[in-house]
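# Commentary on secondary and tertiary structure
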Amino acid sequence: MSKTKIIMLALGVCFLLSACNKTETYAELKDKERSAINQFIIDKGIKVISETDFKANGEVTNVANNEFVLFGSNGVYMQIVRKGCGEKIKSGESVNVICRFLERNVMADTLQLTNNSLYFASMPDVMQVSNTSGTYSASFAKGAMYSVYGPSVPTGWLVPFPYINVGRPVNENDEIAKVKLIVPAEAGQQKASQYVYPCYYEITFERGI
(Lines give C-alpha, C1' and ligand atoms only; values in the text may rest on other atoms or scores of the structure.)
Protein backbone atom coordinates (compact mmCIF):
# COMPACT_ATOMS: atom_id res chain seq x y z
CA MET A 1 0.00 0.00 0.00
CA SER A 2 1.49 3.39 -1.01
CA LYS A 3 1.91 6.29 1.38
CA THR A 4 -0.70 8.27 -0.59
CA LYS A 5 -3.24 5.45 -0.34
CA ILE A 6 -2.63 5.10 3.40
CA ILE A 7 -3.20 8.81 3.96
CA MET A 8 -6.30 8.84 1.75
CA LEU A 9 -7.71 5.83 3.64
CA ALA A 10 -7.21 7.54 7.00
CA LEU A 11 -8.67 10.83 5.81
CA GLY A 12 -11.61 9.06 4.16
CA VAL A 13 -12.58 7.38 7.41
CA CYS A 14 -12.26 10.70 9.23
CA PHE A 15 -14.48 12.41 6.65
CA LEU A 16 -17.14 9.74 7.09
CA LEU A 17 -17.04 10.10 10.86
CA SER A 18 -17.13 13.89 10.56
CA ALA A 19 -20.34 13.72 8.54
CA CYS A 20 -21.94 11.53 11.22
CA ASN A 21 -20.74 13.77 14.04
CA LYS A 22 -22.69 16.80 12.74
CA THR A 23 -25.98 15.35 13.95
CA GLU A 24 -24.82 13.85 17.27
CA THR A 25 -23.90 15.39 20.61
CA TYR A 26 -20.58 14.69 22.27
CA ALA A 27 -22.35 12.65 24.97
CA GLU A 28 -23.99 10.52 22.28
CA LEU A 29 -20.66 10.00 20.55
CA LYS A 30 -19.06 8.91 23.84
CA ASP A 31 -21.91 6.44 24.39
CA LYS A 32 -21.33 5.03 20.91
CA GLU A 33 -17.61 4.81 21.59
CA ARG A 34 -18.15 2.88 24.84
CA SER A 35 -20.57 0.54 23.09
CA ALA A 36 -18.07 -0.06 20.27
CA ILE A 37 -15.30 -0.87 22.75
CA ASN A 38 -17.54 -3.21 24.73
CA GLN A 39 -18.62 -5.01 21.56
CA PHE A 40 -15.00 -5.28 20.40
CA ILE A 41 -14.07 -6.87 23.74
CA ILE A 42 -16.89 -9.39 23.38
CA ASP A 43 -16.12 -10.17 19.73
CA LYS A 44 -12.41 -10.71 20.41
CA GLY A 45 -12.98 -12.79 23.54
CA ILE A 46 -10.95 -10.42 25.69
CA LYS A 47 -10.76 -11.00 29.44
CA VAL A 48 -10.49 -7.66 31.23
CA ILE A 49 -8.50 -7.57 34.48
CA SER A 50 -8.13 -4.76 37.00
CA GLU A 51 -4.97 -2.82 37.76
CA THR A 52 -4.95 -4.48 41.18
CA ASP A 53 -4.88 -7.94 39.60
CA PHE A 54 -2.32 -6.78 37.06
CA LYS A 55 0.06 -5.66 39.81
CA ALA A 56 -0.60 -8.79 41.87
CA ASN A 57 0.35 -10.90 38.83
CA GLY A 58 3.73 -9.16 38.51
CA GLU A 59 2.58 -6.60 35.95
CA VAL A 60 2.01 -9.16 33.22
CA THR A 61 -1.05 -10.17 31.23
CA ASN A 62 -1.86 -13.78 30.39
CA VAL A 63 -1.75 -13.88 26.61
CA ALA A 64 -3.14 -17.42 26.46
CA ASN A 65 -6.24 -16.16 28.29
CA ASN A 66 -6.32 -13.01 26.11
CA GLU A 67 -6.08 -10.77 29.17
CA PHE A 68 -6.08 -6.98 28.88
CA VAL A 69 -5.65 -4.71 31.88
CA LEU A 70 -7.92 -1.68 32.06
CA PHE A 71 -6.36 1.54 33.36
CA GLY A 72 -9.09 3.53 35.07
CA SER A 73 -7.34 6.89 34.78
CA ASN A 74 -7.42 6.98 30.98
CA GLY A 75 -9.66 4.11 29.83
CA VAL A 76 -6.83 2.38 27.94
CA TYR A 77 -6.82 -1.43 27.75
CA MET A 78 -3.39 -3.08 27.40
CA GLN A 79 -2.07 -6.56 26.76
CA ILE A 80 1.66 -7.13 27.09
CA VAL A 81 2.47 -9.75 24.46
CA ARG A 82 6.22 -9.55 25.16
CA LYS A 83 8.03 -7.59 27.88
CA GLY A 84 10.99 -7.25 25.54
CA CYS A 85 14.74 -7.49 25.85
CA GLY A 86 17.00 -4.82 27.35
CA GLU A 87 15.74 -2.57 30.10
CA LYS A 88 13.15 0.08 30.86
CA ILE A 89 13.69 3.72 29.93
CA LYS A 90 15.31 5.23 33.01
CA SER A 91 14.18 8.36 34.81
CA GLY A 92 15.92 11.36 33.23
CA GLU A 93 16.59 9.44 30.02
CA SER A 94 15.44 10.33 26.49
CA VAL A 95 15.71 7.68 23.79
CA ASN A 96 14.70 7.16 20.19
CA VAL A 97 12.19 4.33 19.95
CA ILE A 98 11.48 2.49 16.69
CA CYS A 99 7.86 1.43 16.31
CA ARG A 100 6.06 -0.98 14.02
CA PHE A 101 2.30 -0.87 14.34
CA LEU A 102 -1.15 -1.38 12.95
CA GLU A 103 -4.08 0.87 13.78
CA ARG A 104 -7.70 -0.30 13.49
CA ASN A 105 -10.65 2.04 13.79
CA VAL A 106 -12.84 0.12 16.25
CA MET A 107 -15.96 2.10 15.38
CA ALA A 108 -15.70 1.48 11.64
CA ASP A 109 -14.06 -1.96 12.00
CA THR A 110 -11.37 -1.07 9.47
CA LEU A 111 -7.60 -1.15 9.22
CA GLN A 112 -6.89 2.56 9.22
CA LEU A 113 -3.10 2.85 9.20
CA THR A 114 -0.01 0.65 9.40
CA ASN A 115 3.70 0.77 8.72
CA ASN A 116 3.84 -3.01 8.30
CA SER A 117 3.68 -2.53 4.55
CA LEU A 118 6.25 -2.76 1.80
CA TYR A 119 6.25 1.01 1.35
CA PHE A 120 7.21 1.64 4.97
CA ALA A 121 9.46 -1.44 5.34
CA SER A 122 12.59 0.70 5.45
CA MET A 123 10.90 3.64 7.18
CA PRO A 124 9.49 2.58 10.56
CA ASP A 125 8.01 5.19 12.84
CA VAL A 126 10.53 6.77 15.20
CA MET A 127 9.58 8.69 18.31
CA GLN A 128 11.69 10.30 21.01
CA VAL A 129 10.50 9.18 24.43
CA SER A 130 11.50 10.91 27.68
CA ASN A 131 11.02 9.68 31.24
CA THR A 132 10.82 12.51 33.76
CA SER A 133 10.50 11.01 37.24
CA GLY A 134 8.09 8.37 35.96
CA THR A 135 6.11 10.67 33.67
CA TYR A 136 6.55 9.81 29.99
CA SER A 137 6.33 12.19 27.05
CA ALA A 138 7.10 11.66 23.38
CA SER A 139 6.96 13.07 19.88
CA PHE A 140 7.14 11.42 16.47
CA ALA A 141 10.14 12.30 14.33
CA LYS A 142 9.12 10.42 11.18
CA GLY A 143 6.99 7.60 9.85
CA ALA A 144 3.34 6.85 9.04
CA MET A 145 1.90 8.31 12.26
CA TYR A 146 3.96 11.46 11.74
CA SER A 147 2.86 11.74 8.09
CA VAL A 148 -0.87 11.37 8.84
CA TYR A 149 -1.35 12.82 12.33
CA GLY A 150 1.73 14.98 12.96
CA PRO A 151 4.39 14.81 15.70
CA SER A 152 2.06 14.44 18.69
CA VAL A 153 2.13 10.93 20.18
CA PRO A 154 -1.21 9.59 21.50
CA THR A 155 -1.08 9.42 25.29
CA GLY A 156 -2.40 5.87 24.98
CA TRP A 157 0.87 4.87 23.32
CA LEU A 158 2.78 5.94 26.43
CA VAL A 159 0.87 3.67 28.81
CA PRO A 160 3.08 0.57 28.25
CA PHE A 161 6.45 2.19 29.02
CA PRO A 162 6.48 1.71 32.82
CA TYR A 163 5.97 -2.03 32.25
CA ILE A 164 8.12 -2.98 29.24
CA ASN A 165 11.79 -3.07 28.32
CA VAL A 166 12.97 -1.05 25.34
CA GLY A 167 16.12 -2.66 24.00
CA ARG A 168 17.79 -4.04 20.91
CA PRO A 169 18.19 -7.79 20.25
CA VAL A 170 21.71 -8.98 20.99
CA ASN A 171 21.32 -12.72 21.47
CA GLU A 172 19.55 -15.17 19.21
CA ASN A 173 16.50 -15.51 21.45
CA ASP A 174 16.10 -11.81 22.25
CA GLU A 175 12.75 -10.30 21.26
CA ILE A 176 11.62 -6.68 21.26
CA ALA A 177 8.60 -5.57 23.29
CA LYS A 178 5.14 -5.96 21.82
CA VAL A 179 1.80 -4.72 23.16
CA LYS A 180 -1.82 -4.58 22.11
CA LEU A 181 -3.89 -1.54 23.06
CA ILE A 182 -7.48 -0.39 22.92
CA VAL A 183 -7.27 3.40 23.05
CA PRO A 184 -10.34 5.60 23.59
CA ALA A 185 -10.62 8.91 21.76
CA GLU A 186 -9.38 11.07 24.63
CA ALA A 187 -6.10 9.14 24.73
CA GLY A 188 -5.86 8.73 20.96
CA GLN A 189 -4.37 10.45 17.96
CA GLN A 190 -5.59 13.81 16.70
CA LYS A 191 -8.38 12.58 14.43
CA ALA A 192 -9.67 10.02 16.92
CA SER A 193 -9.92 12.73 19.55
CA GLN A 194 -11.60 15.15 17.15
CA TYR A 195 -14.18 12.72 15.78
CA VAL A 196 -14.55 10.58 18.93
CA TYR A 197 -13.66 7.04 17.92
CA PRO A 198 -11.51 4.37 19.63
CA CYS A 199 -8.58 2.60 18.01
CA TYR A 200 -7.01 -0.81 18.45
CA TYR A 201 -3.23 -1.04 18.11
CA GLU A 202 -0.58 -3.72 17.88
CA ILE A 203 2.81 -2.09 18.45
CA THR A 204 6.43 -3.21 18.81
CA PHE A 205 9.01 -1.00 20.50
CA GLU A 206 12.75 -1.18 19.84
CA ARG A 207 15.48 1.11 21.13
CA GLY A 208 17.01 3.17 18.35
CA ILE A 209 20.71 3.69 17.83
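The structure under discussion appears in the preceding block.
In short, a report on the structure. (Residues numbered from 1 in each chain as written. Predicted model: local features only at pLDDT ≥ 70, side-chain atom pairs only at ≥ 80, totals over all residues. Heavy atoms only, no water.)

## Notes on the nonpolar core
Note the following rule: For the purposes of this section, nonpolar cores are sets of buried Ala, Val, Leu, Ile, Met, Phe, Trp, Tyr and Cys residues that join through side-chain atoms within 4.5 Å. Only protein chains enter the area calculation, which uses a 1.4 Å probe; residues under 20% of their type maximum are buried, those over 50% are exposed, and those in between are partly exposed. The contact definition used throughout considers only heavy atoms, calling two residues in contact when any of these lie within 4.5 Å.
Counting 42 residues, the largest nonpolar core has M127, W157 and F161 as its most contacted members. Beyond its immediate chain neighbours, meaning those up to four positions away, F161 contacts I89, M127, V129, Y136, V166 and F205.

## Focus on the pattern of salt bridges
As a reminder of what qualifies: Just to be clear on terms, a salt bridge is a Lys or Arg side-chain nitrogen sitting within 4 Å of an Asp or Glu carboxyl oxygen. Per the convention used, a helix needs a DSSP run of H or I reaching at least four residues, while a strand needs a run of E reaching at least two, with both numbered from the N terminus.
Summed over all chains, the structure comprises 9 salt bridges. The salt bridge partner of E33 is K30, with a shortest N-O separation of 2.6 Å. One end of the pair is E33 and the other is K30, both in helix α2 (residues 26-43) and 3 residues apart, which spans about a single turn. In this structure K30 comes out as buried when scored by relative accessible area, which is 11%. In this structure, D31 engages R34 in a salt bridge whose closest nitrogen and oxygen atoms are separated by 2.4 Å. Linking D31 with R34, this pair stays in helix α2, spanning 3 residues, or about one helical turn. Accessibility expressed as a relative area gives 41% for D31, which makes it partly exposed. When salt bridges with common partners are traced through the structure, they connect K30, E33 and E186 into a single cluster.

## Looking at the packing of aromatic side chains
Note the following rule: Side-chain rings of Phe, Tyr and Trp, where Trp is taken by its six-membered ring, are said to pair if the distance between their centres is within 6.5 Å; with planes under 30 degrees apart they count as stacked, over 60 as edge-to-face, and otherwise as tilted.
Counted according to the given criterion, the structure contains 9 aromatic pairs. Each member of the aromatic cluster is reached from another via a ring pair, and the members are F101, F140, W157 and Y201.

## Quick look at unusual backbone geometry
One non-glycine residue, E59, lies in positive phi territory at about 60°. Here E59 is to be found in the loop between α3 (51-56) and β2 (67-70). The exposure class of E59 is partly exposed, given its relative accessible area of 24%. Here V196, not a glycine, exhibits a phi torsion of approximately 60°, which is positive.

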